[in-house]
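Read off the chains here:
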Amino acid sequence: FAVLGILIMNITSFSQISMAYVNPTVGGGLEGYNQYFQAFNYIFADTRFMSIFSILFGAGVVLFTQRIEAKGKRVHALHYKRMFWLLVFGLIHAYFIWAGDILVAYAICGSFVFFFRKKSIRKLFMLAVILFLVPISLNFMIYYGMPTAELDSTFAFFYPSEKDIASQIQAMRGSYLEQMPLRVDDAIQIQTIGFVIEMFWRSCAMMFLGMILYRRGILSAEKSTVYYRKLMWVGFIPGLILSGIGLSHAYASEWNAAYVMNIGANYKFVSGLFMALGYIGLVIWCFKKGILKKFQNRLQATGRMAFTNYIGMSVICTLIFNGHGLGLFGMFDRLQQFLIVISVWVLILILSPLVLKNYRFGPLEWLWRKLTYFSLRN
């Protein structure tokens, strides 16, 4: 559910210039029905699925290390070999396929949160809160602490010129080598400034939350159906309210750069946390109730191949939009983008069960596992 949902937002980065991801007035724009698709993305997708992905990654750190410890193996060595290879995969993904990679950040954050995996629930919660508040506090300080002129200058990048837009589109429709300078520049920005200012803090906070939810038996469906129904409402009600307020304020500001990048981002972070909890409650409630059982089986297969499917989506979408493929970069509005999302979902939901019918792991899961254990022995 999480890995499929991520594509709702990522499709913008695959198909449009980099700034279109944060500035909806460029790229797909807000004209006509585009505004409704953008509103849907803002309320139901933006930061929501990435939060779930981070929560599950944190839970995975605990699950993996518990299994290794139960076998009496060297958990530190295995974990860091695993994170090393994840970092390598992420760097290849970011610099040779798609700049919006998340694996590099997860490898670094996973190496950090590992040290705290056995802390008490209370300490993990305190760490999660503190880290979650760091980028939020920074956004408040920037927005209310800087003069208006300085804010406008600092966030001028939010409004790319027609020349810049045309240049990016031309590059991404060009040959693979012609795309490389732009891809490398975007990847470096994400892995440096973006990581330090926001991604590290938010990802680690969600990973700590994932450790808590796993250790409390919430992610493994150990609670009652009533519990998960309550979790839905605890997540969705404040999440939807905050999302609606954030979206209306963004329109009221006329998508002002400083506001959107700071106060608007805070609305997304907080509402994204609540919405992620709501989605977790919904998915597990449906699982326990046996709703759409055959579809659940396909989702489970997709999740067991999450690594392969995450990279696979990048390969498919870059072949659709970039110049070494169909070269449709910059051409699709939000409706057309969403149709691509649905098409990729259908493909993955069909292929994942077929692969796992004949193999125990997806291809990248298998390779990651082999590299981890082989490198330990050698």
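Residues numbered from 1 in each chain as written. Predicted model: local features only at pLDDT ≥ 70, side-chain atom pairs only at ≥ 80, totals over all residues. Heavy atoms only, no water.

J.: If you had to explain the overall build of the chain to someone new, which residues and values would you point to?
T.: Of the regular secondary structure elements, the chain holds 15 helices and 0 strands. Relative to its length of 378 residues, the chain is compact, with a C-alpha radius of gyration of 21 Å against a globular reference of 21 Å. Across the 378 residues of the chain, 50% fall into the buried class. In the chain, the proportion of contacts linking residues at least 24 apart, taken out of those at least 6 apart, comes to 82%. Accessible surface, the chain: about 18000 Å² in total, of which carbon and sulfur atoms supply 68%. The positive charge centre, built from 34 side chains, and the negative charge centre, built from 16, are 24 Å apart in the chain. (Helix = DSSP H or I, 4+ residues; strand = E, 2+ residues; numbered from the N terminus. Rg over C-alpha atoms; globule rule 2.2 N^0.38 Å. Buried < 20%, exposed > 50% of the residue type's maximum accessible area, 1.4 Å probe, protein only. Contact = heavy atoms within 4.5 Å. Areas by Shrake-Rupley, 256 points an atom, 1.4 Å probe, with all protein chains shown as cover. Lys, Arg positive; Asp, Glu negative; His and termini not counted. Charge placed at Lys NZ, Arg CZ, Asp CG, Glu CD.)

J.: Tell me about the confidence of the model for the chain, residues and numbers included.
T.: Chain-level pLDDT for the chain is 96 on average; 99% of the residues reach the 70-or-more range. Mean pLDDT per element in the chain: helix H15 (residues 363-377) is the minimum at 84, and helix H13 (residues 306-321) is the maximum at 98. (pLDDT = per-residue confidence, 0-100.)

J.: A description of the packing of helix H4 (residues 75-96) against H13 should follow, citing residues and the corresponding values.
T.: The interhelical angle for the contact between H4 and H13, taken along N-to-C directions, is 15°, at an axis separation of 12 Å. Classified by the angle between their axes, H4 and H13 sit roughly parallel to one another. Judged by the sense of rotation from one axis to the other, the crossing of H4 with H13 is left-handed. Between H4 and H13, the residues in contact are Leu86, Phe89 and His93 and Phe307, Tyr310, Ile311 and Ser314, respectively. (Axes fitted to C-alpha atoms, helices over the stretch in contact; angles between N-to-C directions. Parallel < 35°, antiparallel > 145°, perpendicular 65-115°, else oblique. Left-handed = near helix turned anticlockwise from the far one by under 90°.)

J.: So, unusual backbone geometry: which residues are in play, and what are the values?
T.: A positive phi angle, near 65°, is found at alanine 221, a position not held by glycine. Inspection of the secondary structure assignment puts alanine 221 in the loop between helix H9 (176-215) and helix H10 (225-252). Its relative accessible area of 14% is what places alanine 221 among the buried residues. Unusually for a residue other than glycine, tryptophan 255 sits at a positive phi of about 55°. Within the secondary structure, tryptophan 255 is located in the loop between H10 and helix H11 (257-289).

J.: Any chance you could break down the packing of H4 against H9 for me, citing the residues and the numbers?
T.: Closest axis-to-axis distance for the H4/H9 pair is 7 Å, and the angle between their directions is 125°. The angle between H4 and H9 places the two elements in the oblique class. Packed against H4, whose contacting residues are Leu91, Ala94, Tyr95 and Phe96, the element H9 presents Tyr176, Met180, Arg183, Val184, Ala187, Ile188 and Gln191 at the interface. Class assignment of the residues belonging to the contact of H4 with H9 gives a composition of 9 nonpolar, 1 polar and 1 charged. (Nonpolar A, V, L, I, M, F, W, Y, C, P; charged D, E, K, R; others polar.)

J.: How would you summarise the side chain of serine 243 if you had to cite specific residues and measurements?
T.: The residue serine 243 is located in helix H10 in this model. What makes serine 243 buried here is its relative accessible area of 0%.

J.: For a positive patch on the surface, give the residues involved together with the corresponding values.
T.: Judged by side-chain charge, Arg67, Lys71, Lys73, Arg304, Arg360, Arg369 and Lys370 come together as a positively charged surface patch. Inspection of the secondary structure puts arginine 67 in helix H3 (residues 48-70). (Patch = residues over 30% accessible without salt bridge, like charges linked within 9 Å, V, L, I, M, F, W, Y side chains within 5 Å. Salt bridge = Lys/Arg side-chain N within 4 Å of Asp/Glu carboxyl O.)

J.: Mind laying out the nonpolar core, listing which residues take part and the relevant values?
T.: Counting residues in hydrophobic clusters, the biggest one holds 109 residues, and the most contacted among them are Ile17, Leu86, Ile102, Leu103, Tyr106, Phe307 and Phe321. No other element matches the 14 residues that H11 contributes to this core. The residues touching isoleucine 102, leaving out its near neighbours within four places in the chain, are Met50, Met199 and Tyr310. (Core = buried A, V, L, I, M, F, W, Y, C linked by side-chain atoms within 4.5 Å.)

J.: Which residues make up the side chain of asparagine 23, and what are the values?
T.: Within the secondary structure, asparagine 23 is located in the loop between helix H1 (2-15) and helix H2 (34-44). Given the relative accessible area of 0%, asparagine 23 is considered buried. At 2.5 Å, the side chain of asparagine 23 forms a polar contact with the side chain of threonine 25. There is a polar contact of 2.7 Å between the side chain of asparagine 23 and the backbone oxygen of phenylalanine 158. Sequence-distant contacts of asparagine 23, defined by excluding residues within four places in its chain, comprise Phe158 and Tyr159. (Polar contact = N/O pair within 3.5 Å; in protein donor to acceptor, adjacent residues only side chain to side chain.)

J.: Provide a residue-level description of the environment of isoleucine 188, including the pertinent values.
T.: Relative to the helices and strands, isoleucine 188 is located in helix H9. Measuring from C-alpha to C-alpha, the distance between isoleucine 188 and leucine 213 comes to 33 Å, with 25 residues separating the pair along the chain.

J.: Residue-level account of the pattern of salt bridges, with values.
T.: Evaluation of the coordinates by the stated rule reveals 4 salt bridges. Between arginine 117 and glutamate 69 there is a salt bridge, with its nearest N and O atoms 3.2 Å apart. Here the residue arginine 117 occupies a position in the loop between helix H5 (103-113) and helix H6 (121-145), and glutamate 69 occupies one in helix H3, the gap between them amounting to 48 residues. It is possible to trace a salt-bridge network through shared partners that takes in Glu69, Arg117 and Lys118.

J.: Tell me about the packing of aromatic side chains, residues and numbers included.
T.: Inspection of every chain in the model, using the stated rule, returns 33 aromatic pairs. Ring centres of tyrosine 80 and phenylalanine 114 lie 5.3 Å apart, and the angle between their planes is 75°; this geometry places the pair in the edge-to-face category. Of this pair, tyrosine 80 sits in helix H4 while phenylalanine 114 sits in the loop between H5 and H6, and the two are 34 residues apart along the sequence. Relative accessible area serves as the criterion here: at 28%, tyrosine 80 is assigned to the partly exposed category. (Phe/Tyr/Trp six-rings, centres within 6.5 Å; stacked < 30°, edge-to-face > 60°.)

J.: Tell me about the environment of methionine 211, and please be specific about residues and values.
T.: Inspection of the secondary structure assignment puts methionine 211 in helix H9. Judged by relative accessible area, methionine 211 falls into the buried class, the value being 0%. Each C-alpha atom of the pair methionine 211 and valine 61 lies 7.8 Å from the other, and the pair is 150 residues apart in sequence. Aside from chain neighbours lying at most four places away, what touches methionine 211 is Gly58, Ala59, Val61, Val62, Val113, Arg117 and Leu124.

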